[in-house]
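Commentary on secondary and tertiary structure
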Amino acid sequence: MNNPGLNYSLPESLLEKLFALSDETDYVTYKNRVYFKLAQAISANRWLFVYLFGATPFSLNSTDSRLPELEHPVRSLRTSQFGFANDANIQINYATNLADHLDQIDQHIQAGDLYSNHEFYGTVRFKGPETREAMVTEGVHYLELRILDADPFDPAGISENALNIIHLVIIYLLLQDEVYSADDLVHADELANEIAMQSPTDKLPNQKEAMALMGEVSKLADHFGMRFNDGLSLIAERILTPSKTPAAKIVALAKTPDELQAWATKVGNERGDLFHVKHDEQFEDLFGRGELASVIKQAYELGVRVKERTRDTVTLSVGEHVEVLHESKDLTELFP
């Protein structure tokens, strides 16, 4: 089973502006509260991500003793209770606040249930300083979202449209600032597991709710021009037509674990061959030609934003820090 994570952070400049508009008196406390509320909202809506991006219909590990005998392929074995999830005795929730959440993890570490905080397989992990005390006093750096299966139909494991939609949905959840009770989160987790264990061609049990949610997200997208149009069309199509989801497309090609293994091996070999044969062509498609191509490549690797590029210049930024380059330079020195 694939085990991808998607990291997400809010711009520090945005958090600072929101803090200035709030009644909070301590910036780190405010930032931690925002990140925790966002993690809580993502957890409460995990069912949507499971449905849209689930892509693990089978287990290829016949020795997994936790897995029951499945009567049919499922939507996302990896994100279900039988996938990359902690044992049932490890209960860690997002019901109260960051400090309490981290305390729950520490308690299980002290009890010997977990070796470290890296063994917590929740929907969202808070990333930043290693210790609980440092995380609370210095602040969360970013969120690691553990809600996605890798998409085998995209060479990168996730498409640009999917990334855009995830970004848009997260912005929407941030703006809502909904309050979720402990019971709400338990019911949401049960729903996400139910959807994960559905047949890939089954309809969403709460399809109307999903369409209403995406309708609100679509209104938000109107503020950004046409950037999200393709992604919104893709998501609407998947919600209305389950056969368009990644898991359903997989089982249409491979109806058994053995067939899936054979198909995945074939696709992997083809992509490996293509990479070697067309390496230079693919590099130029992604990064362009000439001396500045290596700069653009490094920018993508480091997370530096490429604002604009022409034949002779590239404009890069991190927050308010902007650099215009006419020749190759090491970006770790320009953006330490």
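For clarity, every value in this text was computed on a predicted model and none was experimentally measured.

When helices and strands are counted, the protein chain shows 14 helices and six strands. Expected size for 336 residues packed as a compact globule is a radius of gyration near 20 Å; at 21 Å, the protein chain falls within 12% of this value. Projecting the C-alpha coordinates of the protein chain onto the three principal axes gives extents of approximately 60 × 55 × 40 Å. When the 336 residues of the protein chain are sorted by exposure, 43% land in the buried category. Looking at the protein chain as shown, the accessible area adds up to about 18,500 Å², and 50% of this sits on carbon and sulfur atoms. Taking the 30 positively charged and 52 negatively charged side chains of the protein chain as two groups, their mean positions are separated by 6 Å.

Side-chain positions along a regular strand alternate between the two faces of the sheet. The element strand E5 (residues 314-318) is extensively covered by neighbouring structure, given that four of its five residues are classed as buried. What sits between the antiparallel neighbours strand E4 (residues 305-309) and E5 is a turn of four residues. Relative to strand E6 (residues 321-325), E5 is paired through five bridges, and the arrangement is antiparallel. For Val318, the partnering residue across the bridge sits in E6 and is His321. Linking E5 to E6, which pair antiparallel, is a turn of two residues; within it Gly319 sits at a positive phi near 65°.

Bringing the sheet that holds E6 into the picture now. Ordered by their spatial adjacency, three strands build an open sheet running E4-E5-E6, and the pairing between neighbours is antiparallel. Strand pairing shows two members of the sheet lacking a second neighbour, E4 and E6, which therefore form its edges. Going from strand to strand, the sheet's axes swing by 20° on average, the running direction of each strand aside. Strands in contact with helix H13 (residues 292-302) are E4, E5 and E6; relative to E5, the strand with the most contacts, it is inclined by about 20°.

Moving on to the packing of aromatic side chains. One pass over the full model with this rule turns up six aromatic pairs. Measuring from centroid to centroid gives 5.5 Å for Phe224 and Phe228, while their planes differ by 85°, and the two rings are edge-to-face. Here Phe228 falls in the buried class, since its relative accessible area comes to 2%. Pairwise contacts between aromatic rings join Phe19, Tyr27 and Tyr30 into one cluster. When the ring centre of Phe153 is taken as reference, the NZ or CZ atom of Lys249 above it lies at 4.6 Å.

With that settled, the discussion passes to the packing of helix H2 (residues 27-44) against helix H3 (residues 46-53). The contact between H2 and H3 brings their axes to 4 Å, and the two run at 55°. Judged by the inter-axis angle, H2 sits oblique to H3. Residue-level inspection shows Ile42, Ser43 and Ala44 of H2 in contact with H3, the latter providing Arg46, Trp47 and Phe49. Here the contact of H2 with H3 is composed, by residue class, of four nonpolar, one polar and one charged.

How each quantity is defined
- Numbers given for residues are sequential positions, taken from 1 along each chain in its written order.
- Where totals are concerned, whole chains, interfaces and linings use all residues; where local detail is concerned, this predicted model gives features only for residues with pLDDT of at least 70, and gives and counts side-chain atom pairs only at 80 or more.
- Derived side-chain values reflect all non-hydrogen atoms in the structure, with water molecules and hydrogen atoms excluded from consideration.
- For helices the rule is a DSSP run of H or I covering at least 4 residues; for strands it is a run of E covering at least 2, with both sets numbered from the N terminus onward.
- Radius of gyration here uses only the C-alpha atoms, and the compact-globule reference equals 2.2 Å multiplied by the residue count raised to the power 0.38.
- Relative accessible area decides the class of each residue, using a 1.4 Å probe on protein chains only: under 20% of the type maximum gives buried, over 50% gives exposed, and in between gives partly exposed.
- Per-residue and other accessible areas were derived by the Shrake-Rupley procedure at a 1.4 Å probe size, with only the shown protein chains allowed to occlude residues.
- Only four residue types enter the charge count, namely Lys and Arg as positive and Asp and Glu as negative; His and the chain termini do not.
- To locate a charge, take NZ of a lysine, CZ of an arginine, CG of an aspartate or CD of a glutamate.
- Any two strands with at least two DSSP bridges between them are considered paired.
- Each axis is a line fitted through C-alpha atoms, taken for helices only over the stretch in contact, and angles between the N-to-C directions span 0 to 180 degrees.
- We call two residues in contact whenever any of their non-hydrogen atoms come within 4.5 Å of each other.
- Whether two aromatic rings pair depends on their centres lying within 6.5 Å, for rings of Phe, Tyr and Trp, where Trp uses its six-membered ring; planes under 30 degrees apart make the pair stacked, over 60 edge-to-face, and the rest tilted.
- Whether a charge lies above a ring is judged from NZ of Lys or CZ of Arg, which has to be within 6 Å of the ring centre and within 35 degrees of the ring normal.
- Orientation labels follow simple angle bins: below 35 degrees gives roughly parallel, above 145 gives roughly antiparallel, 65 to 115 gives roughly perpendicular, and whatever is left gives oblique.
- Residues are grouped as follows: Ala, Val, Leu, Ile, Met, Phe, Trp, Tyr, Cys and Pro are nonpolar; Asp, Glu, Lys and Arg are charged; every other residue, Gly included, is polar.

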